[in-house]
Structures are given as C-alpha cells and as structure tokens.
2 protein chains.
Amino acid sequence: MARPRKFVERDVVSSAGEVFAVNGLAATTLDDLVQATGLGKQSLYNAFGGKRELFLRALSEDREEAARAVSEALEHGDASPVERIRGHMLRMAIEFSRSDSRVSLTTRALVESTGESDQLATVTKAGIEQLAGIYGHCLALAHANGDLPADTNVPSLAMYFVAITRGMELLGRSGVDRGALTAVALDALRVFRT
Amino acid sequence: MARPRKFVERDVVSSAGEVFAVNGLAATTLDDLVQATGLGKQSLYNAFGGKRELFLRALSEDREEAARAVSEALEHGDASPVERIRGHMLRMAIEFSRSDSRVSLTTRALVESTGESDQLATVTKAGIEQLAGIYGHCLALAHANGDLPADTNVPSLAMYFVAITRGMELLGRSGVDRGALTAVALDALRVFRT
DNA sequence: CTAGTTATTGACCACACGGTCCAAAACTTG
DNA sequence: CAAGTTTTGGACCGTGTGGTCAATAACTAG
C-alpha cells in the first residue's frame, strides 16, 4: 500500500546511539547522524521526530541493553550471588578501562539533562532505579544466604553498587588504567567481608 | 598608561564557571557568557581567547577549589583521619543531594572531552590524580594509626574514594535523595571496618 | 495498470553560533 | 593638556545549525 522503508529502526537507533555515546547530545549534529545512519534528514525526521527524540530512543535502548547485561551477569550462573557480583565488578573494571571506552548514554543524559523536569532526567532516573533493583535482587539472595552482615540495608547497598560503577566509568574515561580500576573494584567489594 | 579594565578576572572566571556548570561546555553560548559575566564579547575575547579557553580557566579554578576544600576537610581538625574521611563523605552526600546540585566542571570536562589528547582530558586526569593524592595522604595517616587493615593498598583505596564520590555526584544529579545518598556514603565507609 | 500512500532525496531556510573589526572611550604618564 | 595605550561596545560576518519543503520514487491493493 505504500513505499516500504529502506532501513530497520533498530539499526538506525543503534548507529545513532554510538554517535551520541562518542559526542554527547549537544555536540552531535544532525549531519553526524545522517552520515552515521545512512538515511536522509527527512527520513530521520519522519521516523523519529528530531535529534532529541532520537537521542531519547537511543537512550532507552542503551538502558535496556545495560539492564539486560547486568541481569544476565547477576541472575544466572552457578556461582554464589556474592561471587557473581564480584565477577561482574571485575568485568566492569576491564570494560571501563578500555581506551576507546565511550561513556554510556545514561551517564551522558544525566550530565546533559537540564533540570528535574527534563525528559532526560526522568528516563535516567528510572534507569538508575532499575539498575539498583537488579543489584538489589542479587544482594537480597546473598543476604538470605547469610553472605552479608545481618545489619545490611540491601536497597542502600544496591545503590552503592550503582554509585561505584558510575564512578569507575568516569575514572576509566579519565585514563585510569585497568590495574588501578580493578583494584578499585576489589576495594569496593570489601563491603562483603563478613 | 592605558585604559584600566572594568572587571576582575577572578570574578569573570567564577561567573563563567557557574554557567558552564549548569549548561556544560558545548551547550553554553558566547552570549550566555556575555550575559553572565557582564562584559562584552570583545573584552572576553581579549582577556581569555574564546569559549574553550575560558572553560579551561574555569575548570582549573574549580579543580583548585575542589582540591582545597577536600584538603581542608581531610588534613585539619582533631578527629582521627578515619573520622575526618567519614565526616567528609557525609558532607558530600548532603552536598550532592542538593536539588540545585550542579555537576562539577571536572566531571563535565571528563564527559565532554573527546579523545585522550584533548586538553580537557589532560587537566581532568591531573585533577583526578590530585584528588586521589589528597585522599591518599589522609589514608596513609589512618594506615599508620592502625585504623586500616594491614593489607590495605593505600593508593588504590584513595582512588576508590574518588570513584565513590564521583558516583555519588551522578546519583545526586539523578535525583537520589539525601537519605539514600547518606546511606550510600555509609556503605562506602564499610571498607574501614577492621 | 491505476490510484493511493508512504519513503526518499536534495535543495532550501531562517537563525544562532563563535568570532572579528573598528571607532570611541578611559586611563596614565610626561 | 596631549600623546600613547589598552579596553570597550556594538555592528558585522561567514558558517553550520536544526528543521522544512516539494518533487519524485517505490510500493500495494484493487
């Protein structure tokens, strides 16, 4: 009934996300996006509505992807919950120390958002809470296992892990090397000492 | 011998810094700066050279100020080193949960810098290391006091504190409230349990 | 094949951007 | 007061911006 699209939305959002991850929202131009995605301005505009909307889409996908990855790492496997978190943190240290390490769209959105009522702020806040929920789930298991001090406040500790990973992301960005970042991760895991 | 300036550099850099802290480098326009500082484009240009240079100046001042504040908190007072760090972390939790909390220029520069060779990256990396040094100094005292586990790697733990404070900054920005942030700070301090 | 619908393309636009020019102003020194 | 020097203010400029338009292409249902 109508001319079909030449592109797959998912791919376009993904390409756009990479550009945004490198440049940030404000510093990415429509032309950058046109070049990265391969489609024309008007097609971009028809399909998504504009730069900001496209960023929001990419942000949502990035957030889902990140949540999925953490879930995967923390909810499966036969190691104990604490061991799973340990493994995850060490993997994050490596990930964040990759020299091409781009900063996540969530962190970008957090920094570039203006004011509480900004839509970026809403999405990122939800993202933070989602992440904390995932950590919390795993920590609750560990707590039930008796692997955490009895007086542990699980939701707070979950938020602590979100904080330390965000901090490690920034440190990696600033050039802190893999060894140092791994050491930071190990220090962070000291909260588990019973 | 010549017409005197109507402004004080320090004040101008400070005003500019506030604008940058709110909007970021890319999203701040020259006109924003003109309005915030009160002087004309040409004067700005004469005195500093351009937007980016002015940002660099503001960044340096922000970094010095931050380092000074942390030094002040960690190196003086009659509480023990560990207690000083504890107090500092709790104060940071409050600071970062202020709803108008602007994100520090260092974090901004970290996120907005492009590539390792970027001048922004150089300055921020130095800033991170300076901060870690300050934490390290205080931690070394604590270690000598026997307040830290004997096997503590002091420089690494110092970097850990830089990471957790950066993470808390981001969390505060995302709307995490004072109570939650304080709890995170307390969790972070668990590394001190002997 | 035709009508209807949507996607694509590239030209186009108004505007805001960072930056520059230049004439006038404000000051110090002799 | 005059010469010399720097600052200032505002008009100005080329460029790149996000976004729009209108003509055309590509497809499907009938």
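See the structure printed just above.
Keep in mind that this is a model prediction, so the values were computed, not measured.

Novice: Give a detailed account of the overall build of chain A, specifying residues and quantitative values.
Specialist: Check the secondary structure of chain A and you find 9 helices and 0 strands. When the helices and strands of chain A are listed from N to C terminus, the series reads α-α-α-α-α-α-α-α-α. With respect to the principal axes defined by its C-alpha atoms, chain A has extents near 60 × 40 × 35 Å. Sorting the 194 residues of chain A into buried and exposed places 42% on the buried side.

Novice: Lay out the protein's contact with DNA strand C with the relevant residues and their values.
Specialist: Near DNA strand C you find 24 residues, and of these A:Ala2, A:Arg3, A:Lys6, A:Gln42 and B:Arg3 are the closest. Contributing elements (two or more residues each) for the surface near DNA strand C: helix H3 (41-48) of chain A together with helix H2 (30-37) and helix H3 (41-48) of chain B. Per-element accounting of the surface near DNA strand C gives the leading share, 4 residues, to H3(A).

Novice: Before we move on, could you go through the interface of chain A and chain B and cite the residues and values that matter?
Specialist: If you look at the interface, chain A gives 39 residues, while chain B gives 39 residues. Among the secondary structure elements, those contributing two or more residues to the side of chain A that touches chain B are helix H6 (105-112), helix H7 (119-145), helix H8 (154-173) and helix H9 (178-188) of chain A. Of the residues forming the side of chain A that touches chain B, the biggest block, 13 residues, is contributed by H8(A).

Novice: Explain the protein's contact with DNA strand D to me, using residue names and the numbers behind them.
Specialist: Inspection of the region around DNA strand D gives 24 residues, with A:Arg3, A:Gly50, B:Ala2, B:Arg3 and B:Gln42 positioned closest. Among the elements that make up the surface near DNA strand D, the one with the highest residue count is H3(B) (4 residues). Taken together, the residues of the surface near DNA strand D break down into 9 nonpolar, 7 polar and 8 charged.

Novice: Quick one: what's the story with the relation of the copies chain A and chain B, residue by residue and with numbers?
Specialist: These two copies of the chain differ by a rotation about an axis and a displacement along the same axis. Relative to chain B, chain A is turned by 180 degrees and slid 0.0 Å along the rotation axis, the superposed coordinates differing by an RMSD of 0.1 Å. Such a combination of rotation and displacement between the chain copies is what one expects of a two-fold axis. Using C-alpha coordinates, one finds that chain A approaches the rotation axis most closely at A:Gly167, a distance of 2.1 Å. With an isologous cut-off of 70% or more, the 100% of interface residues of chain A that recur at the interface of chain B puts this contact in the isologous class.

Novice: Pulling in residues and values, what's your account of the packing of helix H1 (residues 9-23) of chain A against helix H2 (residues 30-37) of chain A?
Specialist: All names here are of chain A. Contact geometry for H1 and H2: axes closest at 9 Å, N-to-C directions at 135 degrees. One finds that H1 runs oblique with respect to H2. Judged by the sense of rotation from one axis to the other, the crossing of H1 with H2 is right-handed. Taken together, the residues of H2 that come into contact with H1 (itself represented by Val12, Ser15, Ala16, Glu18, Val19 and Asn23) are Asp32, Leu33, Ala36 and Thr37. Of the residues assigned to the contact of H1 with H2, the class counts are 5 nonpolar, 3 polar and 2 charged.

Novice: Break down the environment of A:Val13 for me, citing the residues and quoting the values.
Specialist: Residues and elements named next belong to chain A. Note that Val13 resides in helix H1. Look at Val13 and you get buried, because 21 C-beta atoms sit within 10 Å. In the structure, Val13 is positioned 47 residues away from Ser60 in sequence and 9.8 Å away in space, judged by C-alpha atoms. Filtering out sequence-adjacent residues up to four positions away, Val13 remains in contact with Arg57, Ala58 and Glu61.

Novice: Let's hear about the packing of H6(A) against helix H6 (residues 105-112) of chain B: which residues, and what values?
Specialist: With their axes 11 Å apart at the nearest point, H6(A) and H6(B) run at an angle of 135 degrees to one another. Taken together, H6(A) and H6(B) sit at an angle that is classed as oblique. Between H6(A) and H6(B) the crossing geometry is left-handed. Residues A:Thr107, A:Arg108 and A:Val111 of H6(A) pack against B:Thr107, B:Arg108 and B:Val111 of H6(B).

Novice: Which residues make up helix H9 (residues 178-188) of chain B, and what are the values?
Specialist: Along H9(B), the positions that sit buried rather than exposed are B:Leu181, B:Val184, B:Ala185, B:Asp187 and B:Ala188. When H9(B) is viewed along its axis, its buried side chains cluster within an angular range of 160 degrees and face the same direction. Close packing links the buried residues of H9(B) with H8 of chain A together with helix H5 (81-97) and helix H8 (154-173) of chain B.

Novice: I'd like to hear about the environment of B:Val70, residue by residue, with values.
Specialist: All names here are of chain B. Summarising the element assignment, Val70 is placed in helix H4 (residues 51-75). When the C-alpha atoms of Val70 and Val176 are compared, they prove to be 23 Å apart, with 106 residues separating the residues in sequence. The residues touching Val70, leaving out its near neighbours within four places in the chain, are Leu131 and Ile134.

Basis of the calculations
Residues numbered from 1 in each chain as written. Chains lettered and ligands numbered in written order. Predicted model: local features only at pLDDT ≥ 70, side-chain atom pairs only at ≥ 80, totals over all residues. Helix = DSSP H or I, 4+ residues; strand = E, 2+ residues; numbered from the N terminus. Buried ≥ 20, exposed ≤ 12 C-beta atoms within 10 Å, placed from the backbone. Near = placed C-beta within 6 Å. Contact = placed C-beta atoms within 7 Å. Nonpolar A, V, L, I, M, F, W, Y, C, P; charged D, E, K, R; others polar. Least-squares fit on C-alpha atoms with pLDDT ≥ 70 in both. Axes fitted to C-alpha atoms, helices over the stretch in contact; angles between N-to-C directions. Parallel < 35°, antiparallel > 145°, perpendicular 65-115°, else oblique. Left-handed = near helix turned anticlockwise from the far one by under 90°. Arc of directions from axis to C-beta.

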